Amino acid sequence: MSDRIPNPANDEAPDAARPMVHIQHVDKWYGNNQVLHDIDLAVEEGETVCLVGPSGSGKSTLLRCVNHLEEIGAGSVWVDGELVGYRLRNGRLHELREAEACRKRVEVGMVFQHFNLFPHMTVLENVSFAPITVKNENKAEARAYATSLLGRVGLAGREGSYPSQLSGGQQQRVAIARALAMRPKVMLFDEPTSALDPELVGEVLAVMKDLALTGGVTMLVVTHEMGFAREVGDRVVFMDAGRIVEQGPPAQVLGDPQHERTKAFLSAVLR
Amino acid sequence: MVVPVRHYGRMIFAVIVVLAVIGTVYSIATNPNFEWSVVAEFLFSPSILRGLGSTLVITIVSMAIAVVLAVVIAVMRISPSRIISSVAAFYVFVFRGIPLIVLLILLGNLGLFLKSITIGIPGTQVVLIDVPISEVITPFVASVAGLSLAGAAYMAEIVRSGLLAIGRGQREAAKALGLTSSRTLRFIVLPQALRVILPPMGNEFIGMLKASAIVSVIAGGDLLTVAQGIAGTNYRTIELLIVATIWYLLVIIVFSIGQYLLERRTAEK
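Here's the deal with the side chain of Ser62 of chain B
Alright, step 1. Note that Ser62 of chain B resides in helix H3 (residues 46-77).
Alright, step 2. In contact with Ser62 of chain B, other than residues within four places in its own chain, are Val57, Ser143, Val144, Leu147, Ser148 and Met208 of chain B.

With respect to the sheet that holds strand S12 (residues 243-248) of chain A
Residue and element names in this part refer to chain A.
Alright, step 1. Strand order in this open sheet of six strands is S8-S9-S10-S3-S11-S12, and the pairing throughout is mixed. Single-partner strands in this sheet number two, and they are strand S8 (108-111) and S12. Between one strand axis and the next, the sheet turns through 20° on average, direction left out of account.
Alright, step 2. Bridge analysis of strand S11 (residues 235-240) against S12 gives five bridges, and the strand direction is antiparallel. If you follow Val237 over to S12, its bridge partner there is Gln247.

Structural notes on the interface of chain A and chain B
Alright, step 1. If you look at the interface, chain A gives 25 residues, while chain B gives 18 residues.
Alright, step 2. A combined buried area of about 2,000 Å² lies between chain A and chain B, and 63% of that area is made up of carbon and sulfur atoms.
Alright, step 3. Among the residues of chain A in contact with chain B, Arg105, Phe118 and His120 of chain A are the three that bury the most area, contributing 24% of the side total.
Alright, step 4. Our count for the contact surface shared by chain A and chain B stands at one salt bridge.
Alright, step 5. Here Arg64 of chain A and Glu172 of chain B are joined by a salt bridge, their closest N and O atoms 2.5 Å apart.
Alright, step 6. Our count for the contact surface shared by chain A and chain B stands at six residue pairs in polar contact (both at pLDDT 80 or more).
Alright, step 7. Secondary-structure elements contributing two or more residues to the side of chain A that touches chain B are helix H2 (98-105), S8 and helix H3 (123-133) of chain A.
Alright, step 8. The leading source of residues in the side of chain A that touches chain B is H2 of chain A, at four residues.
Alright, step 9. Class assignment of the residues belonging to the side of chain A that touches chain B gives a composition of 16 nonpolar, five polar and four charged.

Observations concerning helix H6 (residues 198-215) of chain A
Residue and element names in this part refer to chain A.
Alright, step 1. Between its terminal C-alpha atoms H6 stretches 25 Å, which fits the 26 Å expected from 18 residues at 1.5 Å a residue.
Alright, step 2. For H6, the set of buried residues is Leu200, Val201, Val204, Leu205, Val207, Met208, Leu211 and Ala212. Looking down the long axis of H6, one finds its buried residues gathered within 155° of arc, a one-sided arrangement. The exposed residues of H6 that point more than 90 degrees off its buried face are Glu199, Leu213 and Thr214.
Alright, step 3. Looking one or two places after H6, you find Gly216, whose phi comes out positive at around 65°.

Structural notes on empty space enclosed by the protein
All names here are of chain A.
Alright, step 1. Applying the stated rule across the entire model yields two cavities of 30 Å³ or more.
Alright, step 2. In this structure, the largest cavity encloses a volume near 90 Å³.
Alright, step 3. Lining of the largest cavity is provided by 13 residues; of these, Val84, Gly85, Lys104, Arg105 and Val108 occupy positions nearest its centre.
Alright, step 4. Broken down by secondary-structure element, the contributors of at least two residues to the lining of the largest cavity are strand S5 (82-83) and H2.

Looking at helix H4 (residues 82-97) of chain B
Residues and elements named next belong to chain B.
Alright, step 1. Between its terminal C-alpha atoms H4 stretches 22 Å, which fits the 22 Å expected from 16 residues at 1.5 Å a residue.
Alright, step 2. Those residues of H4 that sit buried are Ser85, Ala88, Tyr91, Val92 and Phe95. Down the axis of H4, the smallest arc covering the buried residues is 115°, so these residues share one side. In this structure, H4 carries Arg82, Ile83, Phe90, Phe93 and Gly97 as exposed residues pointing more than 90 degrees from its buried face.
Alright, step 3. Where the residues of H4 are buried, they touch H3, helix H5 (100-108) and helix H7 (139-164).

A short note on the sheet that holds S5 of chain A
Residue and element names in this part refer to chain A.
Alright, step 1. In space, the four strands of this open sheet follow the order S2-S1-S4-S5, with antiparallel pairing throughout. Two strands lie at the open edges of the sheet, namely strand S2 (33-43) and S5, each paired on one side alone.
Alright, step 2. Two elements, strand S4 (residues 74-79) and S5, share two bridges in a ladder whose sense is antiparallel. Note that in S5 the partner of Trp78 across the bridge is Leu83.
Alright, step 3. Along the sheet, helix H1 (residues 59-66) contacts strand S1 (21-30), S2 and S4; its crossing angle with S1, the most-contacted strand, is approximately 120°.

What to know about the packing of aromatic side chains
Alright, step 1. Enumeration according to the criterion identifies seven aromatic pairs over all chains in this entry.
Alright, step 2. With a centroid separation of 4.2 Å and an interplanar angle of 20°, the aromatic rings of Phe205 of chain B and Phe255 of chain B are classed as stacked. Of this pair, Phe205 of chain B sits in helix H9 (residues 181-211) while Phe255 of chain B is found in helix H11 (residues 237-265), placing the two residues 50 residues apart along the sequence.
Alright, step 3. Exposure remark for Phe205 of chain B: the relative accessible area of 15% places this residue in the buried category.
Alright, step 4. Its end group placed over the ring of Phe118 of chain A, Arg178 of chain A keeps NZ or CZ at 4.6 Å from the ring centre.

The rules behind the values
Residues numbered from 1 in each chain as written. Chains lettered and ligands numbered in written order. Predicted model: local features only at pLDDT ≥ 70, side-chain atom pairs only at ≥ 80, totals over all residues. Heavy atoms only, no water. Helix = DSSP H or I, 4+ residues; strand = E, 2+ residues; numbered from the N terminus. Contact = heavy atoms within 4.5 Å. Pairing = 2+ DSSP bridges. Axes fitted to C-alpha atoms, helices over the stretch in contact; angles between N-to-C directions. Buried area = accessible area lost by both parts, 1.4 Å probe. Salt bridge = Lys/Arg side-chain N within 4 Å of Asp/Glu carboxyl O. Polar contact = N/O pair within 3.5 Å; in protein donor to acceptor, adjacent residues only side chain to side chain. Nonpolar A, V, L, I, M, F, W, Y, C, P; charged D, E, K, R; others polar. Expected span 1.5 Å × (residues − 1). Buried < 20%, exposed > 50% of the residue type's maximum accessible area, 1.4 Å probe, protein only. Arc of directions from axis to C-beta. 1 Å grid on protein atoms, 1.4 Å probe; cavity = no way out; pocket = protein on both sides within 12 Å on 5 of 7 lines; lining within 4 Å. Points joined across faces, edges and corners; volume = space filled by probe spheres on them. Phe/Tyr/Trp six-rings, centres within 6.5 Å; stacked < 30°, edge-to-face > 60°. Lys NZ or Arg CZ within 6 Å of the ring centre and 35° of its normal.

Listed below in structure tokens is the structure:
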């Protein structure tokens, strides 16, 4: 339960200019350890925001708050004008029941570091399963859409394979197609290339770049790929110790960082 | 040319083993105290076959109930609610702890300390169900109840270890796709856990088949009860036990083939 009420002025946020993702004053604790400090972040529709920072800085945790895989301690998270995971009643946040939380989660797609494909399903089943089961889509249509998404991520013809028969890069591209199949409003990427062999990183980044530049997908990307952040990101957000230290256009944050911690991090990463 | 090492010790041991097997088979086959004609006479006798039928029905019904119960107990055991998981843990503790023969005798004699089963609405005089125990708890019901309650306690642990073998990432991926936890269990976790669960479950089934012989203590009407009944009238105890043994082994052979085929189907993709 939150003991801090979101800013009443933003409760309804009905204006057309509202951001697609709006994170307001979010705090989070694990026990007595505060991992997120008063985070404020807005992501506009179609924008690609890259979250960078040292491990343990809270960037993955923040990402997981956006689809309520993590509960927040205080503040609020909005996706397309709707509260995520909670309902506002009498100025207090009430956690949603599971079915409602699940319904809202459908609007946010997520790609995990370790792919997390379902090993007992074929590639096509992995991609079409949730639309059929959760959104009650027509089976034939869901499969057709899944097939077209697999084509888009460069995996046409692999529909009948099982995940274990694919390389890591191919698996991650299936995972991207799986998330896209739910037609989400926002895509979250949690270090999507960190578990990949170096030579497979490029194919996954290429797919993400295509989504960001030609797909118009709103993306929030936790990454250590500074090249990707520089080239594809509309904005880079640098986090450290649970706080947003600085943010701005990639050229500015990565090229001309203002804070010591950002400078130290970048010099360590870029070498 | 390569001359392989000769394992003389191994060869000598193999000869000894073969001789021992031949000797044992020969002595049983030619022992005048074994009446093989009696074995042949009763192997396909209608009452033995009826007993075999009862054994199969008791085993299969108990197994089916036990599997369902085991999944329920296992899911309760990993529930975030301390109370629910404690109840499940207590169930496993009790029914894994009671020797099966004691449990069966208790259930078979339930009528001695419970006169009737009454289900009503507490605090009112409304009675929904009221039946005397002796009508409900037949030897068959007591047998099935005992075997499935005890079996479920063991199988719950097998199912639980299977559920725990599925990584957190699978649950999170399902959750992120909007699946509720019950759907995640049904479509994502259980199908994968099956691969882990199936081999030990096969052993449980064989154990259940053998344990079903214990229901003879409450006259469960199973294969062993029938065999002992016949032996009680013709004093051919050993022969009838051999008849029962042959049937138990045959059923296990048939089942093992089924288990092999099932495991091959769910093998890692």
